[in-house]
Amino acid sequence: DKDLRYWLTTNEEPFSLDNLPPLPPPIKSVDFNDPLPNNWSVTDIGGSLKGGQEITPNSWIIYGGGNDIWNNSDQFRYVYKKFNGDFSCIVSVNELQSNHSYAKAGIMARNSLDENSSHALINVFPYGNTEFGYRLNSGELMSHFPGNSLEFPDAKLKMIRNGNDFTGLIYLNDVWEKIGTATLPEAKEDIYIGLATLSHDNNQLAKAIYSNFKIEK
């Protein structure tokens, strides 16, 4: 094997894992629980570790736990409101701090607050890669469309609802790029829409900084 022979005979020093940047210290709990704007609520879905939020005029900083938003049930922190009918929703994710590469921050439309609810989610991961995930019917396994990578800060995400069709988009090279569309048969006229924050480790919290969050008809 050519590669094996190279490493057995080379004098080069192998790259040391010690040279990688250290992981941030884990966030086990927070005392932040700022009040949300009118008509907004927050919950930790599916037994997720209790999170928190800091609300400023320019940003929403959300701390969320949970093991995953995947398979047939979810755990995460959800900041949400009810919205009637079609919409276009945009947010910028400026930071996602977590010790797990599958932590998520993004826009979620959800049929109910049950842990196994049908939903659509456009999200970014800590290293900038993106995904549009969905559960078509309650209790079913999720599916997803992978997306291109974005850079922090100002990683822009967008979700559009048109009837029962939900489309996830990212802003890349000055244009909105579609990742995928999912048709949710169970989608109610009044649906939950908001921000989903997941640490992918229910023993600690992820920290996501959001700005320019808008929902329009």
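In this report, we go over the structure that sits alongside the text. (Residues numbered from 1 in each chain as written. Predicted model: local features only at pLDDT ≥ 70, side-chain atom pairs only at ≥ 80, totals over all residues. Heavy atoms only, no water.)

1. Regarding the overall build of the chain
Of the regular secondary structure elements, the chain holds 1 helix and 16 strands. For 217 residues, the compact-globule estimate of 2.2 N^0.38 gives 17 Å, and the C-alpha radius of gyration of the chain, at 19 Å, lies within 12% of that figure. Put simply, the chain has 217 residues, and 47% of those count as buried. Put simply, of all contacts in the chain between residues at least 6 apart along the chain, 65% involve residues at least 24 apart. (Helix = DSSP H or I, 4+ residues; strand = E, 2+ residues; numbered from the N terminus. Rg over C-alpha atoms; globule rule 2.2 N^0.38 Å. Buried < 20%, exposed > 50% of the residue type's maximum accessible area, 1.4 Å probe, protein only. Contact = heavy atoms within 4.5 Å.)

2. Things to note about the nonpolar core
In this structure, Phe87, Phe132, Met159 and Phe166 are the most contacted members of the largest nonpolar core, which totals 37 residues. Here this core takes 5 residues from strand 7 (residues 87–97), the largest share from any one element. With 11 residues, the next largest nonpolar core counts Tyr78, Tyr80, Met142 and Tyr192 among its residues. (Core = buried A, V, L, I, M, F, W, Y, C linked by side-chain atoms within 4.5 Å.)

3. A word on the sheet that holds strand 13 (residues 165–172)
Strand order in this open sheet of 7 strands is 2-3-16-7-12-13-14, and the pairing throughout is antiparallel. This sheet does not close on itself; its edge strands, each paired only once, are strand 2 (52–55) and strand 14 (175–183). Ignoring which end each strand starts from, the neighbouring axes of this sheet average 25° apart. Of the pairings in the sheet, the one linking strand 7 to strand 12 (residues 155–162) comprises 7 bridges and is antiparallel in character. Considered in strand 12, the bridge of serine 88 is made with isoleucine 160. (Pairing = 2+ DSSP bridges. Axes fitted to C-alpha atoms, helices over the stretch in contact; angles between N-to-C directions.)

4. Looking at the pairing of strand 8 (residues 104–110)
Of all 7 residues in strand 8, 7 are buried, a share of seventy percent or more. Both strand 8 and strand 15 (residues 190–198) contribute to a ladder of 7 bridges, which runs antiparallel. Residue alanine 105 lies in a different strand from strand 15, and its bridge partner there is threonine 197. Note: strand 8 against strand 9 (residues 119–124), 6 bridges, orientation antiparallel. Residue pairing for strand 9: glycine 106 is matched across the bridge by asparagine 123.

5. Here we look at the packing of aromatic side chains
Tallying each qualifying case throughout the model produces 14 aromatic pairs. When the ring of tryptophan 60 is compared with that of phenylalanine 213, the centres are 5.7 Å apart and the planes differ by 75°; the resulting orientation is edge-to-face. Here tryptophan 60 is found in strand 3 (residues 60–64), whereas its partner phenylalanine 213 is found in strand 16 (residues 206–216), with 153 residues between them in sequence. With centroids separated by 6.1 Å and ring planes inclined at 35°, the aromatic side chains of phenylalanine 132 and tyrosine 134 adopt a geometry described as tilted. (Phe/Tyr/Trp six-rings, centres within 6.5 Å; stacked < 30°, edge-to-face > 60°.)

6. Observations concerning the sheet that holds strand 15
Pairing within the open sheet is antiparallel, and its 7 strands lie in the order 1-6-15-8-9-10-11. A strand with exactly one partner marks an edge of an open sheet, and here the two such strands are strand 1 (41–45) and strand 11 (143–147). Pairs of neighbouring strands in the sheet enclose a mean axial angle of 20°, with direction left out of account. One ladder, built from 5 bridges, connects strand 1 with strand 6 (residues 76–84); its direction is antiparallel.

7. Examining the pattern of salt bridges
Summed over all chains, the structure comprises 6 salt bridges. The salt bridge involving arginine 110 is made with aspartate 74; its shortest N-O contact spans 2.9 Å. Note that arginine 110 is positioned in strand 8 and aspartate 74 in strand 5 (residues 73–74), a separation of 36 residues in sequence. The class for aspartate 74 is buried, based on a relative accessible area of 2%. Its salt-bridge partner being glutamate 131, residue lysine 104 comes within 3.4 Å of it at the nearest N-O pair. One end of the pair, lysine 104, is in strand 8; the other, glutamate 131, is in strand 10 (residues 130–135), with 27 residues separating them in the sequence. In terms of burial, lysine 104 and glutamate 131 fall into one category: buried. (Salt bridge = Lys/Arg side-chain N within 4 Å of Asp/Glu carboxyl O.)

8. What about the pairing of strand 2?
Direction of pairing for strand 2 relative to strand 3: antiparallel, over a ladder of 4 bridges. Note that in strand 3 the partner of glutamine 53 across the bridge is isoleucine 62.

Nothing here speaks to function; it is geometry throughout.
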